[in-house]
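# Structural description and commentary
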Amino acid sequence: EAGVAQSPRYKIIEKRQSVAFWCNPISGHATLYWYQQILGQGPKLLIQFQNNGVVDDSQLPKDRFSAERLKGVDSTLKIQPAKLEDSAVYLCASSFGQSPDTQYFGPGTRLTVL
Amino acid sequence: GENVEQHPSTLSVQEGDSAVIKCTYSDSASNYFPWYKQELGKRPQLIIDIRSNVGEKKDQRIAVTLNKTAKHFSLHITETQPEDSAVYFCAASGTYKYIFGTGTRLKVLA
């Protein structure tokens, strides 16, 4: 089966600019996660969707980050405006059901904010 | 809040030796404990997982043990090989949230 797809793979922007990331989960997976992974650290959950509803966004900096999953399949994560500390890899993952369930990760988008 | 502590942060072993990585979790509702391997520049890949109704699980050279009373679980890799070199993350999951440990960088020296 095809894995989780993400694009772009790399993005370089200047601070205060905006950026958007896209994720396509594994077909049939109801749950989608966005993680931020700063170099040398473990993934930190930003937001979790169950179909097109938000299950958990407690660690999403809502003043600058937003995410949507309108049709319960693809998802986009947006940062506006970006800060230097947003430099990280943004990982998308999906699972068939809700946690606890095995998550499968996409390749990630490496964001560099200058 | 809930957290997962992982030790050690770095681990170097000689090829053929065993490696053990330990994690402690705080949320007593956690009932699923996966381990991920992440090679440099690549996505985390699930290598083994265990649920709370099981105390130990083994898959070839990899095993995971769980002590629910003490709230800790461990990854054991036997007969390590150079390709085992990577960062390993544990995670604990309860009702709906995954919490990852901070990672262990394993180096297998040839």
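This report concerns the structure included in the present document.

### A few points about the sheet that holds strand S8 (residues 72–77) of chain B
Residue and element names in this part refer to chain B. Spatially, 5 strands are ordered S1-S3-S8-S7-S6 in an open sheet, and the strand pairing comes out antiparallel. For this open sheet the edge positions go to strand S1 (4–7) and strand S6 (56–59), each flanked by a neighbour on one side alone. The mean inter-strand angle of the sheet, taken between neighbouring strand axes irrespective of direction, is 15°.

### What about the packing of aromatic side chains?
Summed over the entire model, instances satisfying the criterion amount to 15 aromatic pairs over all chains. Here B:Tyr32 and B:Tyr98 contribute two aromatic rings whose centre-to-centre distance is 6.2 Å and whose plane-to-plane angle is 65°, an arrangement assigned as edge-to-face. In this pair, B:Tyr32 is assigned in strand S4 (residues 32–38) and B:Tyr98 in strand S10 (residues 98–100), connecting sequence segments 66 residues apart. Both residues of the pair, B:Tyr32 and B:Tyr98, belong to the buried class. Relative to B:Phe100, the ring of B:Tyr36 lies with its centre 5.7 Å away and its plane at 50°, an arrangement referred to as tilted. Placement of B:Tyr36 in strand S4 and of B:Phe100 in strand S10 is noted, with a sequence separation of 64 residues between them. Joined through ring pairs, the aromatic side chains of A:Tyr33, A:Tyr35, A:Phe105, B:Tyr32, B:Tyr36, B:Tyr98 and B:Phe100 make up one cluster.

### Here's the deal with the side chain of A:Asp86
All names here are of chain A. Examined against the element boundaries, aspartate 86 turns out to sit in the loop between strand S8 (75–79) and strand S9 (88–95). Among the polar contacts listed, one links the side chain of aspartate 86 to the backbone nitrogen of lysine 83, at a separation of 2.7 Å. The contact partners of aspartate 86, leaving out residues within four places of it in the chain, are Gln36, Arg64, Phe65, Ile79, Pro81, Leu111 and Val113.

### A few points about the nonpolar core
Where a protein is soluble and globular, its nonpolar side chains tend to be buried together. Core analysis: the largest hydrophobic core is formed by 25 residues, its most contacted members being B:Trp35, B:Phe73, B:Leu75, B:Tyr88 and B:Leu106. Broken down by secondary-structure element, the contributors of at least two residues to this core are strand S2 (10–14), strand S3 (19–25), S4, strand S5 (45–51), strand S7 (62–67), S8, strand S9 (86–93) and strand S11 (104–109) of chain B. Membership of the second largest hydrophobic core comes to 21 residues, among which are A:Ile13, A:Ile26, A:Ala82 and A:Tyr90.

### Comments concerning the sheet that holds S8(A)
Residues and elements named next belong to chain A. The strand order S1-S3-S8-S7 describes an open sheet built from 4 strands, whose pairing is antiparallel. Here the strands that pair on one side only, and so sit at the sheet edges, are strand S1 (5–7) and strand S7 (65–68). Strand after strand, the sheet turns through a mean of 15° between neighbouring axes, direction not considered. In this structure, S1 lies alongside strand S3 (residues 19–24), joined through 3 bridges in antiparallel fashion. Paired with alanine 5 across the strands is asparagine 24, a residue of S3.

Rules behind the numbers
Residues numbered from 1 in each chain as written. Chains lettered and ligands numbered in written order. Predicted model: local features only at pLDDT ≥ 70, side-chain atom pairs only at ≥ 80, totals over all residues. Heavy atoms only, no water. Pairing = 2+ DSSP bridges. Helix = DSSP H or I, 4+ residues; strand = E, 2+ residues; numbered from the N terminus. Axes fitted to C-alpha atoms, helices over the stretch in contact; angles between N-to-C directions. Phe/Tyr/Trp six-rings, centres within 6.5 Å; stacked < 30°, edge-to-face > 60°. Buried < 20%, exposed > 50% of the residue type's maximum accessible area, 1.4 Å probe, protein only. Polar contact = N/O pair within 3.5 Å; in protein donor to acceptor, adjacent residues only side chain to side chain. Contact = heavy atoms within 4.5 Å. Core = buried A, V, L, I, M, F, W, Y, C linked by side-chain atoms within 4.5 Å.

Take it as geometry only, folks, not as evidence of what the structure does.
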